[in-house]
Amino acid sequence: MDIDWLEPEATVRGSVIVVAGRGERAHVYRRFARRIAFDGYRVAVVENDSAATARAIADAETELPLTVVGSDSGALTALDLAATHPAVSGVVAAGLLVAGTEAFTGEWDGELEIRSACPVHRGVLSSADALERGTLGAETPVATADSLTHVQVPVLVVHGGADVLSPAADVLAVTSALPDARVVVVHEGLHDILNDVSHRSVAAEIVQFLERLRLPGTPDIILREPAGALAQSP
């Protein structure tokens, strides 16, 4: 079951569609969706189905930026949508799958360990109908340098530094082919990086990206290297 649009209490600043990963139900991303909606964005969560994503895009606010956020196989779907749907303004690719991604064939406790270290999220994943267990071992398409060159919109890549399914080094090598990308590696982050222990920091990074999409061409609001930025100021 998909999560219909969550409406912010304040002025709407844009629309966000979240595409779930392999075997995941939409409500796995309810916490993440509520946090993004709190910052002024309409948010819908869909399971990784082409009809559901197309329906969500059609229902989005066309006059405002539309960002597609995807995790695991959902990240691949988000990137594909950006290359084929002019309405998409930007993409957040989390836990991206690339060549070298390992298939997991262990028991459920081991799957939880590689997915997330957040106890709350582990509880969500362990609840009934949260996801189809064992899907991390299924074969799935992966992103390649050639496929990513077709994505012309801005992309924020968020990846766990300790992701054992899709190693961060392999992701960095492939995503360098993106024409307009910002890559963030989360210290000790695991595969379900939108719902890991650093989920608040990850959500804050995503909100900054969404704000930049609202005002294309503007510099970063938060300067990570202020000394160098000030030295270049007139």
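Described below are features of the structure shown in this document.

Conventions adopted
- Residues numbered from 1 in each chain as written.
- Predicted model: local features only at pLDDT ≥ 70, side-chain atom pairs only at ≥ 80, totals over all residues.
- Heavy atoms only, no water.
- Axes fitted to C-alpha atoms, helices over the stretch in contact; angles between N-to-C directions.
- Helix = DSSP H or I, 4+ residues; strand = E, 2+ residues; numbered from the N terminus.
- Parallel < 35°, antiparallel > 145°, perpendicular 65-115°, else oblique.
- Left-handed = near helix turned anticlockwise from the far one by under 90°.
- Contact = heavy atoms within 4.5 Å.
- Buried < 20%, exposed > 50% of the residue type's maximum accessible area, 1.4 Å probe, protein only.
- Pairing = 2+ DSSP bridges.
- Right-handed = clockwise from strand over helix to strand, strands pointing away.
- Core = buried A, V, L, I, M, F, W, Y, C linked by side-chain atoms within 4.5 Å.

## Some thoughts on the packing of helix α1 (residues 30-38) against helix α8 (residues 199-214)
- One can describe the packing of α1 onto α8 by two numbers: an axis separation of 10 Å at closest approach and a directional angle of 45°. Taken as axis vectors, α1 and α8 run oblique relative to one another. Two packed elements cross with a definite hand, and for α1 against α8 that hand is right-handed. Facing α1, whose interface residues are Arg 31, Phe 32, Arg 35 and Ile 36, α8 presents His 199, Arg 200, Ala 203, Ile 206, Val 207 and Leu 210.

## Some thoughts on helix α4 (residues 108-115)
- For α4, the full list of buried residues reads Trp 108, Glu 111, Leu 112, Ile 114 and Arg 115.
- Buried residues along α4 sit in contact with α5 (119-126).

## Considerations on the pairing of strand β5 (residues 90-94)
- Burial of β5 is extensive: five of the five residues sit out of reach of the surface.
- Taking every second residue as pointing to the same face, both faces of β5 are buried, with Gly 90, Val 92 and Ala 94 on one and Val 91 and Ala 93 on the other.
- Of the strand pairs in this sheet, strand β4 (residues 66-71) and β5 are connected by five bridges, and their pairing is parallel. Bridge pairing in β5 places Val 69 opposite Val 92.
- As a crossover connection, the stretch from β4 through helix α3 (residues 73-84) into β5 is right-handed.
- Here β5 runs beside strand β6 (residues 155-160); their pairing, made up of four bridges, is parallel. In the strand pairing of β6, Ala 94 is matched with Val 158.

## Re the environment of Trp 108
- With respect to the helices and strands, the residue Trp 108 is situated in helix α4.
- Counting along the chain gives 12 residues from Trp 108 to Val 120, while the straight-line C-alpha distance between them is 16 Å.
- Excluding its chain neighbours within four sequence positions, the residues that come into contact with Trp 108 are Leu 125, Ser 126, Leu 131 and Arg 133.

## Some details on the sheet that holds strand β7 (residues 181-186)
- Here seven strands make up an open sheet; going across it, the order is β1-β3-β2-β4-β5-β6-β7 and the pairing mixed. Sheet topology places β1 (3-6) and β7 at the edges, where each strand pairs with a single neighbour. Sheet twist, expressed as the mean angle between neighbouring strand axes with direction ignored, is 15°.
- Here β1 pairs with strand β3 (residues 41-46) via two bridges, running antiparallel. Within the sheet, the bridge partner assigned to Leu 6 lies in β3 and is Val 43.
- Running at roughly 165° to β3, α1 makes contact with β1, β2 (14-19), β3 and β4 of the sheet.
- Along the sheet, α3 makes contact with β2, β4, β5 and β6, crossing β4 at roughly 150°.

## Description of the nonpolar core
- Within the largest apolar cluster, 35 residues are counted, with the highest numbers of intra-cluster contacts made by Val 16, Val 18, Ile 36, Val 43, Leu 194 and Ile 206.
- Listed by contribution, the elements that provide at least two residues to this core are β2, α1, β3, β5, α4, β6, β7 and α8.
- With seven residues, α8 is the single largest residue contributor to this core.
- When near neighbours in sequence (up to four residues on either side) are disregarded, Ile 36 contacts Val 16, Tyr 41, Val 43, Ala 203, Ile 206, Val 207 and Leu 210.
- Grouped together as the second largest cluster of nonpolar side chains are 32 residues, Ala 75, Leu 76, Ala 82 and Val 155 included.

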